[in-house]
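Each chain, letter by letter, is given below.
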Amino acid sequence: MDRIKAEVEGHPVVLFMKGTVQFPMCGFSSRASQALKAAGAQIHSVNVLEDPEIRANLPRYSDWPTFPQLFINGELIGGCDITVELFESGELARMVTEAQKPA
Ligand SMILES: N[C@@H](CCC(=O)N[C@@H](CS)C(=O)NCC(=O)O)C(=O)O
């Protein structure tokens, strides 16, 4: 739980996914990472397939059962469907721009 907290609080845009942004291992993770990239996000990704402990505990931390999971500024935004919807409405670009603004 401490490691998950450190990840989500250590970067403005965090995507827990299956595989990597370059080599996604699941269609949902692929779509979410593509939408984030298109929205201009600098994605900090965590490959849950390589980290069974995070894979097992993240759903309890976030109260969200599946992957991918997107966090912006430490807050759960949702999975693939929500990420793509936010991208299509233009809201995702606004959110990542705001989150990545230098302090
Ligand atoms: N509707 C979901 C779809 C995500 C989904 O169904 N993910 C599955 C397949 S990758 C999952 O995480 N299953 C549980 C697991 O693999 O631990 C979304 O918007 O993210």
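Everything numeric here is computed off the predicted structure, so don't read it as measured data. (Residues numbered from 1 in each chain as written. Predicted model: local features only at pLDDT ≥ 70, side-chain atom pairs only at ≥ 80, totals over all residues. Heavy atoms only, no water.)

## Quick word on the pairing of strand 3 (residues 69-72)
The two faces of strand 3 match: Gln69 and Phe71 on one face and Leu70 and Ile72 on the other face are all buried. Summarising the sheet, strand 1 (residues 13-17) and strand 3 pair through four bridges and their orientation is antiparallel. Opposite valine 14, over in strand 3, you have phenylalanine 71 as the bridge partner. Inspection of the sheet shows strand 3 paired to strand 4 (residues 75-78) by three bridges, in the antiparallel sense. Paired with leucine 70 across the bridge in strand 4 is glycine 78. (Buried < 20%, exposed > 50% of the residue type's maximum accessible area, 1.4 Å probe, protein only. Helix = DSSP H or I, 4+ residues; strand = E, 2+ residues; numbered from the N terminus. Pairing = 2+ DSSP bridges.)

## A few points about the site of the ligand
Lining the immediate surroundings of the ligand are Lys18, Cys26, Phe28, Arg55, Thr66, Phe67, Pro68, Gly79, Cys80 and Asp81. With respect to the ligand, the backbone of cysteine 80 contributes an N or O atom lying 2.8 Å from an oxygen atom. In the model, an oxygen atom of the ligand is placed 2.8 Å from a nitrogen or oxygen of the aspartate 81 main chain. Coverage of the ligand by the protein chains reaches 69% of its 510 Å² of free accessible surface. (Near = heavy atom within 4 Å. Polar contact = N/O pair within 3.5 Å; in protein donor to acceptor, adjacent residues only side chain to side chain. Areas by Shrake-Rupley, 256 points an atom, 1.4 Å probe, with all protein chains shown as cover.)

Interpretation note: all reported values are geometric properties and have no functional meaning in isolation.
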